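Okay, here's what each chain looks like letter by letter:
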Amino acid sequence: MNVTDQMQQELQGLKERSNLRTLPALIHEGREVIAGGQRMLNLSSNDYLGLAADRTLREEFLQELTADSFLPTSSSSRLLTGNFTVYAELEQTLAQLFGTEAALVFNSGYHANTGILPAVSDTQTLILADKLVHASLIDGIRLSSAKCIRYRHNDLKQLERLLAENHAAYRQVIVVTESIFSMDGDTADLKELVRLKQMYENVLLYVDEAHAFGARGEQGLGCAEETGCIREIDFLVGTFGKAAASAGAYIVCRRTIREYLVNRMRTLIFTTALPPVNIAWTLFIVRRLGGFRERRIHLENISNILREALKEKGYECPSASYIVPMIVGKSSETIQKAEELQRHGFYALPVRPPTVSEGTSRIRFSLTAEIREEEVRKLVKYIK
Ligand SMILES: *Cc1c(COP(=O)(O)O)cnc(C)c1O
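The shown structure was predicted, so the numbers you read here are calculated from the model rather than taken from an experiment. (Residues numbered from 1 in each chain as written. Predicted model: local features only at pLDDT ≥ 70, side-chain atom pairs only at ≥ 80, totals over all residues. Heavy atoms only, no water.)

## Brief notes about the layout of surface pockets
Reported here for the largest pocket is a volume of approximately 1,600 Å³. Surrounding the largest pocket, 49 residues form its lining, Met-183, Leu-349, Pro-350, Val-351 and Thr-355 being those nearest its centre. For the lining of the largest pocket, the secondary-structure elements that each account for two or more residues are α5 (135–143), α13 (331–343), β13 (350–351) and β14 (361–366). Tallied by class, the residues present in the lining of the largest pocket amount to 20 nonpolar, 15 polar and 14 charged. Counting residues domain by domain, the lining of the largest pocket receives three or more from each of domain 1 (3–47 + 293–382) and domain 2 (63–287). Looking at the second largest pocket, its volume works out to about 270 Å³. Along the walls of the second largest pocket sit 15 residues, with Ala-215, Arg-216, Glu-226, Arg-296 and Glu-300 positioned nearest its centre. Broken down by element, the lining of the second largest pocket gets its largest block of residues, seven residues, from helix α12 (residues 293–312). When grouped by side-chain class, the residues that make up the lining of the second largest pocket number five nonpolar, three polar and seven charged. Each of domain 1 (3–47 + 293–382) and domain 2 (63–287) accounts for three or more of the residues forming the lining of the second largest pocket. (1 Å grid on protein atoms, 1.4 Å probe; cavity = no way out; pocket = protein on both sides within 12 Å on 5 of 7 lines; lining within 4 Å. Points joined across faces, edges and corners; volume = space filled by probe spheres on them. Helix = DSSP H or I, 4+ residues; strand = E, 2+ residues; numbered from the N terminus. Nonpolar A, V, L, I, M, F, W, Y, C, P; charged D, E, K, R; others polar. Domains from an automatic or database assignment.)

Dropping the structure here:
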């Protein structure tokens, strides 16, 4: 059997288990998408604040642009000639907002998570990671020379035991978690994580706020702001591709950590920096984040309605955010239910293994501030 025959066979296997993936052809119109000729309300976007769907914001941004400031490429790594001044402006703004010594911007959350851990780890490092952390963090751990133990999802008692048993045998221990988890939409207890980390001098805390930045906290800075933990988190990472309606990622941290990353982080050093125009747009949004409080409150309100409705219908719902999974179980059944919602005009998507564990296929609703309360109530009526 030749190599592509083997691929074909594997793909066939995925198809038979209803786990074959394809790239959907979509036309976007604000908060709606058109797929297969049908117009639907997008319930699968990470545009939590509805900023990507907001045409007025883009118009306002365009007014600031000229042919001189519209720079679609950086033409180089930031360590060579790609470090345009707008990068420094964004990083200073972030450090100021968070009240940290420093900030550093990356090309994406994937770059951040696959770059930071390998850069700061050695063989004398132990990483203790939540069982459900994002694939980009798993890949970062794999690329590092650290030893890694995964603790049960949000089981901080187990984490406490692991820290007690292992901290003395390593130069440093890095605890890795998300603040809002991608698939269950539940949250980590950041205060308790900080308490645990502070029990030992050689423990560092790494928190990925990809789903929280922009949408949580009084100023929209994430769960770390909400819980008053910003300064206690050594590696506070977030992304711009979700609520901030842009692309890229950041870490806010101590000055030394920033300098170390600039010298050691391969996914920062060996890649062309994001286009300056993209950084300018991120800065435009970041400066306005504090002003989107009403959107955050509305988002919380409609999320509560959907979560309560799912519970009433007998679904177990771990969510504490606008990511609201409806856990069905079987992939085939999940696809059926998703298709039914799509027929009613709701673009909800099934999430299947290997993204989630076997037997927990689900429809993953991802609400945005552009969705109206009556639309959520209508959606609920079609959920069986
Ligand atoms: C989306 C996401 C990432 C990846 O960020 P990108 O900027 O899309 O590469 C990383 N971590 C988590 C938890 C995410 O949800």
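## Some points on the environment of Leu-79
Residue position: Leu-79 is located in the loop between α2 (55–64) and α3 (85–98). Residues Leu-79 and Glu-312, 233 residues apart in the sequence, show an inter-C-alpha distance of 54 Å. The contact partners of Leu-79, leaving out residues within four places of it in the chain, are Val-262, Leu-268 and Ile-269. (Contact = heavy atoms within 4.5 Å.)

## A few points about the sheet that holds strand β12 (residues 346–347)
Strand order across the open sheet formed by four strands is β1-β2-β3-β12, with mixed pairing between neighbours. Where the open sheet ends on each side, the last strands, each with one partner, are β1 (27–29) and β12. As paired strands, strand β3 (residues 38–42) and β12 are joined by two bridges and run parallel to one another. Residue pairing for β12: Asn-42 is matched across the bridge by Tyr-347. (Pairing = 2+ DSSP bridges.)

## Comments concerning the sheet that holds strand β7 (residues 172–178)
Strands sit in the order β4-β10-β9-β8-β7-β5-β6 across an open sheet of seven strands; the sheet is mixed. At either end of the open sheet lies a strand with only one pairing partner, and these are β4 (102–106) and β6 (147–151). Averaged over all pairs of adjacent strands, the angle between strand axes in this sheet comes to 20 degrees, irrespective of strand direction. Relative to strand β9 (residues 235–239), strand β8 (residues 203–208) runs parallel, the two sharing three bridges. Of the residues in β9, the one forming a bridge with Tyr-206 is Phe-235. Helix α6 (residues 156–166) contacts β5 (125–130), β6, β7 and β8 of the sheet and is inclined by roughly 150 degrees relative to β6. Of the strands in this sheet, β4, β9 and β10 (249–253) are in contact with helix α9 (residues 255–264), which crosses β4 at around 30 degrees. (Axes fitted to C-alpha atoms, helices over the stretch in contact; angles between N-to-C directions.)

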